[in-house]
Amino acid sequence: MLEKGAGWAMGRDGDQARQLFGSWRETIAPIFDVRPLAGDWDAGFHAELDRHHLSTALVGQVATSAQHYERSESLIGAVGVDHLLIQRYEAGYTTLDLDGEEVHAGPGDVLVFDLSRPVRSHATDMRAVNLVLPRSLLALDAGSLDRVHGTVLSGASPLGSLAGDHLRSLLKAAPTLEPAAAPDIAKASAQLLSACLSPALMRESEAPATLTASVAMICRFIDRRIGDPALDARMLCSAFGLSRSALYRLFAPIGGVSDYIRQRRLARARLALNTSTRGRGGIGKIARQFGFSSDDAFSRAFKAQFGIAPRDVAHLRLSPSLEAGDGSLANWLRHLT
């Protein structure tokens, strides 16, 4: 049976608004830590959340007063889900801070969050359609998935309009979908959204057009061999019949081949730390899984890249800092099948 989560009505005075905000903050905590914007925020604060569990996806609608939102390393570690949140803004505006780069979205735009990545944002009074999908459902290569965080499809573009219209239709159909059909519908939705997102993730401007296809092919090879300790420039030259200087020229626009391999290994390791159930020695296993020669080398590279030690991510993930009752959003997120 498809499950539905409840929302709340508008607060009518300060006390009601503060109580409502406490309930809202607790419910949304698995995805974002929220706080009101400065000023007379409790004058009519409101928050509504409608959600439907489709076995392999969550779809719903949210409407709230203006707020700050943050998804921190500690929150990522505490919940540990490998999903994407895709929103179609119906009303209002949001500004995201992605490592110092501002991203804006407004009515009609489709915005993507990678829930394994940190983000800070603030939004006006807003209403949006939400879809949460496991990463594995997306028909995108690993490199594209790494870049999807913060992607905005303009509602004025054909692909943005198509993606947004589909999200609205899915929300409308969700309450009456037959349970047996829900997984196939979620999979089809993921395929359509992947097709809409793919052109925005190609990033052809990062390299000359004549080189883009070659770089993409080599990047796919790197992702397939990412756990091989022998993966390096020499292996790539041998596999693709390139001289070392030609390989370096291909990767110069994106920071160099060695740096790219290291970043891909760290990105995959970070995701594994955030989403896997780990026992004793788990960090060492992850280090070896992604081609690092030793635990120390992995820990140094990880902390230099992300500003947090792997063991600290592991402790956060293993700490039951968020309650997960059967009907909670945290439980729903953790048990998408």
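Residues numbered from 1 in each chain as written. Predicted model: local features only at pLDDT ≥ 70, side-chain atom pairs only at ≥ 80, totals over all residues. Heavy atoms only, no water.

(A) Quick peek at the confidence of the model for the protein. Summarising the model, the protein shows a mean pLDDT of 82, and 83% of its residues fall at 70 or more. Long-range and interchain partners of residues 6-11, a stretch whose pLDDT sits below 50, account for 20 contacts in this model, where long-range means more than four residues apart. Across residues 204-211 the pLDDT falls below 50, and counting only partners more than four positions away or on other chains, this stretch makes seven contacts in the model. (pLDDT = per-residue confidence, 0-100. Contact = heavy atoms within 4.5 Å.)

(B) Region of interest: the side chain of Ser 121. Of note, Ser 121 is situated in strand E10 (residues 119-123). Classification of Ser 121 by relative accessible area gives buried; the value is 8%. Beyond its immediate chain neighbours, meaning those up to four positions away, Ser 121 contacts Gln 67, His 68, Tyr 69, Thr 94, Thr 95 and Leu 96. (Helix = DSSP H or I, 4+ residues; strand = E, 2+ residues; numbered from the N terminus. Buried < 20%, exposed > 50% of the residue type's maximum accessible area, 1.4 Å probe, protein only.)

(C) Quick peek at the nonpolar core. If you look at the biggest cluster of nonpolar residues, it comprises 35 residues, and the most contacted ones within it are Trp 24, Phe 32 and Phe 113. The leading source of residues in this core is helix H1 (residues 14-28), at five residues. Residues Cys 237, Leu 247, Leu 250 and Val 313 belong to the second largest nonpolar core, which totals 30 residues. (Core = buried A, V, L, I, M, F, W, Y, C linked by side-chain atoms within 4.5 Å.)

(D) A look at the packing of aromatic side chains. Across all of its chains, the model carries seven aromatic pairs by this definition. On the basis of an interplanar angle of 80° and a centroid distance of 5.3 Å, the ring pair of Phe 21 and Phe 45 is categorised as edge-to-face. Note that Phe 21 is positioned in helix H1 and Phe 45 in the loop between strand E2 (33-36) and strand E3 (47-53), a separation of 24 residues in sequence. As far as burial versus exposure is concerned, Phe 21 and Phe 45 are alike and both buried. The interplanar angle of 55° and the centroid separation of 5.8 Å between the aromatic rings of Phe 251 and Tyr 260 together place this pair among those described as tilted. (Phe/Tyr/Trp six-rings, centres within 6.5 Å; stacked < 30°, edge-to-face > 60°.)

(E) Layout of helix H11 (residues 295-306). For H11, which comprises 12 residues, the first-to-last C-alpha distance of 16 Å matches the rise-based estimate of 16 Å (1.5 Å per residue) to within 8%. Residues of H11 that are buried include every one of Phe 298, Ala 301 and Phe 302, and no others. Looking straight down H11, one finds its buried side chains confined to an arc of 100°; they lie on one side. Exposed and oriented more than 90 degrees from the buried face of H11 are Asp 296, Arg 300, Lys 303 and Ala 304. At the C-terminal side of H11, Gly 307 shows a positive phi close to 75°. (Expected span 1.5 Å × (residues − 1). Arc of directions from axis to C-beta.)

(F) Up close: the packing of helix H7 (residues 233-240) against helix H8 (residues 244-251). As a packed pair, H7 and H8 sit with axes 10 Å apart at the nearest point and diverge in direction by 105°. In terms of orientation, H7 and H8 fall into the roughly perpendicular class. Of the residues in H8, those in contact with Ala 233, Arg 234, Leu 236 and Cys 237 of H7 are Arg 244, Leu 247 and Tyr 248. Grouping the amino acids of the contact of H7 with H8 by side-chain chemistry returns five nonpolar, no polar and two charged. (Axes fitted to C-alpha atoms, helices over the stretch in contact; angles between N-to-C directions. Parallel < 35°, antiparallel > 145°, perpendicular 65-115°, else oblique. Nonpolar A, V, L, I, M, F, W, Y, C, P; charged D, E, K, R; others polar.)

(G) Representation of the pattern of salt bridges in the model. Across all of its chains, the model carries eight salt bridges by this definition. Between Arg 25 and Asp 33 there is a salt bridge, with the nearest N and O atoms lying 2.9 Å from each other. With relative accessibility at 38%, the residue Asp 33 sits in the partly exposed group. Here Arg 268 and Asp 223 are joined by a salt bridge, their closest N and O atoms 3.9 Å apart. Taken as a pair, Arg 268 in helix H9 (residues 257-275) and Asp 223 in helix H6 (residues 209-224) lie far apart in primary sequence, 45 residues in all. Its relative accessible area of 27% is what places Arg 268 among the partly exposed residues. (Salt bridge = Lys/Arg side-chain N within 4 Å of Asp/Glu carboxyl O.)

(H) Quick peek at the environment of Val 110. You can see Val 110 is positioned in strand E9 (residues 110-114). Residue Val 110 is classed as buried on the basis of its relative accessible area of 1%. Along the primary structure Val 110 and Thr 151 are separated by 41 residues, whereas in three dimensions their C-alpha atoms are 8.2 Å apart. For Val 110, the residues in contact, after removing those within four places along its chain, are Ile 86, Gln 87, Arg 88, Thr 151, Val 152, Leu 153, Gly 160, Ala 163, Gly 164 and Leu 167.

(I) Structural detail: the environment of Gly 155. Relative to the helices and strands, Gly 155 resides in the loop between strand E12 (152-153) and helix H4 (158-173). Distance in space between the C-alpha atoms of Gly 155 and Gly 108 is 4.3 Å, their sequence separation being 47 residues. Contacts of Gly 155, omitting those with residues within four sequence positions, involve Gly 108, Asp 109, Gly 160 and Ser 161.

(J) Region of interest: unusual backbone geometry. Even without being glycine, Ser 55 reaches a positive phi, approximately 75°. Along the chain, Ser 55 turns up in the loop between E3 and strand E4 (58-64). You can call Ser 55 partly exposed: its relative accessible area is 26%.

(K) How the structure looks around the pairing of E10. Here E10 shows a clear split, with Val 119, Ser 121 and Ala 123 buried on one side and none of Arg 120 and His 122 buried on the other. In this sheet, E10 lies alongside strand E5 (residues 67-71) in antiparallel orientation, the contact comprising five bridges. Residue Arg 71 lies in a different strand from E10, and its bridge partner there is Val 119. Examined bridge by bridge, strand E7 (residues 94-98) and E10 share four bridges and lie antiparallel to one another. Its bridge partner lying in E10, Asp 97 is registered against Arg 120. (Pairing = 2+ DSSP bridges.)

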